[in-house]
Amino acid sequence: GSMQAPSSDLPVIRTAMTLRGDGSGATISGSNQRRVLQIDDTGLVLLENLTLLDGEVSGVSSIGGAALLIEDSEVTLRNVNVRLNEVEGGILQGGGVRSMNSVLRVEDSLFEMNKAGVTFQGSSRGGNIAVIGGHATIMRSPLRGYQFEDYNFVYLESYGAHRGGGAWADDEQM
């Protein structure tokens, strides 16, 4: 089934856990008004068989991750659809997922039509995924969506690299 996010943000996940859909299209929606989920300073978190839909983060102080903001955590997305999420204003990184100082593992998932809005300078970073510090492994997971002038689909920044740390794809899905 589907779940609309309440009128205020959901609580931040701060403990190791598994959120698993029943396989019949379990959806968590931000209703185009708020971030869908936030994970901060946890052990391992597994999100499985879910759709994270219609998250929206906007304003000067926004930091991205309209569907999922991950900070200082280890997170696995397995069979998760991240669709139609948008970041506007603020730091435009990761329309779908923004992972900071974390380990992100994505398996058999789909990122589609997520958007990191374009600033007045004409740039955005990671319409689907932004990884700032830490690292990410993305396997068998198509990244589809909008075209941008700068930093399409995935944005990688580590402490030693700027404007993209690098990307590697073994099956041309990226």
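These numbers come from a predicted model, not from an experiment. In every chain, residue numbers begin from 1 and rise along the written sequence. Confidence filtering applies because this is a predicted model: local features only for residues at pLDDT of at least 70, side-chain atom pairs given and counted only at 80 or more, and all residues used for totals across whole chains, interfaces and linings. No hydrogens and no water enter the side-chain calculation; it runs on all heavy atoms of the structure.

## Quick look at the overall build of the protein
For step 1, the next point in the chain: Only DSSP runs of H or I with at least four residues qualify as helices, and only runs of E with at least two residues qualify as strands; both kinds are numbered from the N terminus onward. Check the secondary structure of the protein and you find zero helices and 16 strands.
For step 2, the next point in the chain: Classification of the 174 residues of the protein by burial places 48% in the buried group.
For step 3, the next point in the chain: By definition in these notes, contact holds between two residues if any of their heavy atoms fall within 4.5 Å. By sequence separation, contacts in the protein at least 24 residues apart represent 77% of the contacts at least 6 residues apart.
For step 4, the next point in the chain: Summed over all atoms, the accessible surface of the protein reaches about 8,300 Å², with 47% contributed by carbon and sulfur. Burial classes follow relative accessibility: with a 1.4 Å probe on protein chains only, a residue under 20% of its type's maximum area counts as buried, one over 50% as exposed, and anything between as partly exposed. Note that accessible areas follow from Shrake-Rupley with a 1.4 Å probe, and for residues the cover is restricted to the protein chains shown.

## Digging into the side chain of Ser29
For step 1, the next point in the chain: Mapped onto the fold, Ser29 is located in strand 3 (residues 27-29).
For step 2, the next point in the chain: A distance of 2.9 Å separates the side chain of Ser29 from the backbone nitrogen of Ser31, its partner in a polar contact. Two N or O atoms form a polar contact when they lie within 3.5 Å of each other; inside protein one atom must be a possible hydrogen donor and the other a possible acceptor, and for residues adjacent in sequence the pair counts only when both atoms belong to side chains.

## Considerations on the pairing of strand 12 (residues 110-116)
For step 1, the next point in the chain: Here the rule is simple: two strands pair whenever DSSP picks up at least two bridges between them. Summarising the sheet, strand 8 (residues 74-83) and strand 12 pair through three bridges and their orientation is parallel. The residue bridging Val82 from the neighbouring strand is Phe111, located in strand 12.
For step 2, the next point in the chain: The pairing of strand 9 (residues 86-88) with strand 12 spans two bridges and is classified as parallel. Bridging across to strand 12, Val87 finds its partner in Ala116.
For step 3, the next point in the chain: Relative to strand 15 (residues 143-145), strand 12 runs parallel, the two sharing three bridges. Of the residues in strand 15, the one forming a bridge with Glu112 is Arg144.

## Describing unusual backbone geometry
Negative phi is the rule for most residues except glycine; trans is the rule for most peptide bonds.
For step 1, the next point in the chain: One non-glycine residue, Asn49, adopts positive backbone phi at about 55°.
For step 2, the next point in the chain: Looking at the element boundaries, Asn49 is found in strand 5 (residues 44-53).
For step 3, the next point in the chain: For Asn49, a relative accessible area of 23% gives the class partly exposed.
For step 4, the next point in the chain: Its identity as a non-glycine residue notwithstanding, Met113 has a phi of 60°, on the positive side.
For step 5, the next point in the chain: Mapped onto the elements of the fold, Met113 is located in strand 12.
For step 6, the next point in the chain: Note on Met113: relative accessible area 31%, which makes it partly exposed.

These figures capture arrangement, not role.
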